[in-house]
Amino acid sequence: MATIKRKSIGSAGRAAKPPKSAQSDPNHAPSVLDGLEEEIRERAYELYVERGYEDGHDTEDWLRAEAEVLARRDLRTA
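We now turn to the structure provided with this report. (Residues numbered from 1 in each chain as written. Predicted model: local features only at pLDDT ≥ 70, side-chain atom pairs only at ≥ 80, totals over all residues. Heavy atoms only, no water.)

On to the overall build of the protein, then. Tallying secondary structure elements over the protein gives two helices and zero strands in all. Counting only residues that meet the buried cut, the protein has 13% of its 78 residues in that class. Contacts in the protein between residues far apart in sequence, at least 24 positions, make up 46% of those at least 6 positions apart. Put simply, the protein shows about 7200 Å² of open surface, and 55% of that area lies on carbon and sulfur atoms. (Helix = DSSP H or I, 4+ residues; strand = E, 2+ residues; numbered from the N terminus. Buried < 20%, exposed > 50% of the residue type's maximum accessible area, 1.4 Å probe, protein only. Contact = heavy atoms within 4.5 Å. Areas by Shrake-Rupley, 256 points an atom, 1.4 Å probe, with all protein chains shown as cover.)

Here the focus is the packing of helix H1 (residues 36–50) against helix H2 (residues 58–77). With their axes 8 Å apart at the nearest point, H1 and H2 run at an angle of 125 degrees to one another. By the angle between their axes, H1 is oblique relative to H2. The handedness of the crossing between H1 and H2 is right-handed. On the side of H1, the interface is formed by Leu36, Glu37, Glu39, Ile40, Arg41, Arg43, Ala44, Leu47 and Tyr48, while H2 contributes Asp61, Trp62, Arg64, Ala65, Glu66, Glu68, Val69, Leu70, Arg72, Arg73 and Arg76. Class assignment for the residues of the contact of H1 with H2 results in nine nonpolar, no polar and 11 charged. (Axes fitted to C-alpha atoms, helices over the stretch in contact; angles between N-to-C directions. Parallel < 35°, antiparallel > 145°, perpendicular 65-115°, else oblique. Left-handed = near helix turned anticlockwise from the far one by under 90°. Nonpolar A, V, L, I, M, F, W, Y, C, P; charged D, E, K, R; others polar.)

So, on to the packing of aromatic side chains. Summed over all chains, the structure comprises two aromatic pairs. Arranged with centres 5.9 Å apart and planes meeting at 50 degrees, the rings of Tyr45 and Tyr48 form a pair that is tilted. In this pair, Tyr45 and Tyr48 are both assigned in helix H1, three residues apart and thus about one turn of the helix distant. The class for Tyr45 is partly exposed, based on a relative accessible area of 48%. (Phe/Tyr/Trp six-rings, centres within 6.5 Å; stacked < 30°, edge-to-face > 60°.)

This is the structure:
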């Protein structure tokens, strides 16, 4: 009986590697979006703490934090 050899699928069958971090790329131009999500997350957490760690307002906190951060960034770029 003949032996069937299987071809290796190589990297085609694996998940692609994530792109290099923008901060480690010397050709990366700073973007308005750099750090935006982290800044919003931190402000949303501050709102949660200010409320006394009361659950159930995560969406409200995120939207308020997003509005505040975006408004602050608009003032910085104006």
